[in-house]
Amino acid sequence: MPGESPDRKISETPQSSGSADERRPALVFLRGELLAVPIPLERDEVILGRALEADVRVNDARASRLHARITTERNPLTNETECRVADLGSTNGTYLNGRLVTDALVLRDGDKLTVGEHILRFEMLDEIDREFHRQIHRLLVHDELTGLLTSKSFFSELRREAARAEFETRPFCVLMMDLDHFKLVNDTYGHMVGSLTLEHVGGCITHALRAGDVAARFGGEEFAAFLLDADCAQGLIAAERVRAAVEQYTFPAATRPDVNGEAPTHHITISIGVAEFPRDARDPIELVELADSALYSAKRNGRNRVCAYQSSAPEKNDTEPDSSWQI
């Protein structure tokens, strides 16, 4: 039309199918350990619940094993995609916008779904929206300095792994790691170099572990990891790879070259404690505590070493790490 701006005309140009503007149904976590994660509803049926076989696993004691079902189908009258939510006889009920779901209900853009302590919002998202939510989630769950998981995210993942390992009767290991005499780095070279050192240590840990293993920074100079499908012997080997990688790494001792164009360097070591599920403990928190106990045994025995917690050693009591399991 005359007088209409070019921008207005461009905005009305039809987008091709499958473009970034195509809006698709998704659930976005507003509360809980999966905060900001978008879950696409691209299948005909999606089950939410606490069970391992649930499509969207809600790690929540108030959620039932199979808690709710979301179905996606095309309305024959409008030819539009509709999503419906139905409760699966859950103990604590499924709530839509604060009301108990008793029959299958159609979900509208912006509706809020409550499953246990978790709140999810039903949204129609285009690709830009989905990428935005993914970026927000990455910022929430990863340590800004090292790129590893935060301690909170680590425990969330650890609880999931413990449940899987219990269900499938397979082991895994937890590693607790602490840099030796890290305070000397800050005191000698300054906190900027200290932060740079932590960043590089995160890289050493990532490269020393397998692709499927999960590592985190617990804060300060303490790190943690859990190793999938690994018994204590395999955990000790992986921990030794990390220890050797940090010991052999040449860390920058300045943020920029000196007046002669040379880049000063320094070295640091790390001590590591290892505990195995289910041999040492089945509870994830207790497993971390036992690995931490083994870590401090490594510290007491000279640092720059690996020590496994050995709860079955007959000559030791149940709370004392076995120092014979050292590398």
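Residues numbered from 1 in each chain as written. Predicted model: local features only at pLDDT ≥ 70, side-chain atom pairs only at ≥ 80, totals over all residues. Heavy atoms only, no water.

(A) Structural view of the overall build of the chain. Looking only at helices and strands, one finds seven helices and 18 strands in the chain. Evaluated residue by residue, the chain yields a buried proportion of 45% over its 327 residues. In the chain, the proportion of contacts linking residues at least 24 apart, taken out of those at least 6 apart, comes to 56%. For the chain, the computed accessible surface area is about 17,200 Å², with 50% contributed by carbon and sulfur atoms. (Helix = DSSP H or I, 4+ residues; strand = E, 2+ residues; numbered from the N terminus. Buried < 20%, exposed > 50% of the residue type's maximum accessible area, 1.4 Å probe, protein only. Contact = heavy atoms within 4.5 Å. Areas by Shrake-Rupley, 256 points an atom, 1.4 Å probe, with all protein chains shown as cover.)

(B) Examining the side chain of S64 more closely. Assignment of secondary structure puts S64 in the loop between strand 4 (56–57) and strand 5 (68–74). The contact partners of S64, leaving out residues within four places of it in the chain, are G49, R50, S90 and T91.

(C) Region of the structure containing the sheet that holds strand 13 (residues 214–219). What the five strands build is an open sheet, ordered 13-14-12-17-18; its pairing is mixed. Two strands in the sheet have a free side with no partner beyond their single neighbour: strand 13 and strand 18 (306–308). Strand after strand, the sheet turns through a mean of 20° between neighbouring axes, direction not considered. Across five bridges, the pairing between strand 13 and strand 14 (residues 222–228) is antiparallel. Paired with V214 across the bridge in strand 14 is F226. Against the sheet, helix 3 (residues 151–168) engages strand 12 (172–179), strand 13, strand 14 and strand 17 (270–277), with an angle of about 25° to strand 14. Sheet contacts for helix 7 (residues 284–300): strand 12, strand 13, strand 14, strand 17 and strand 18; angle to strand 17, the most-contacted strand, approximately 145°. (Pairing = 2+ DSSP bridges. Axes fitted to C-alpha atoms, helices over the stretch in contact; angles between N-to-C directions.)

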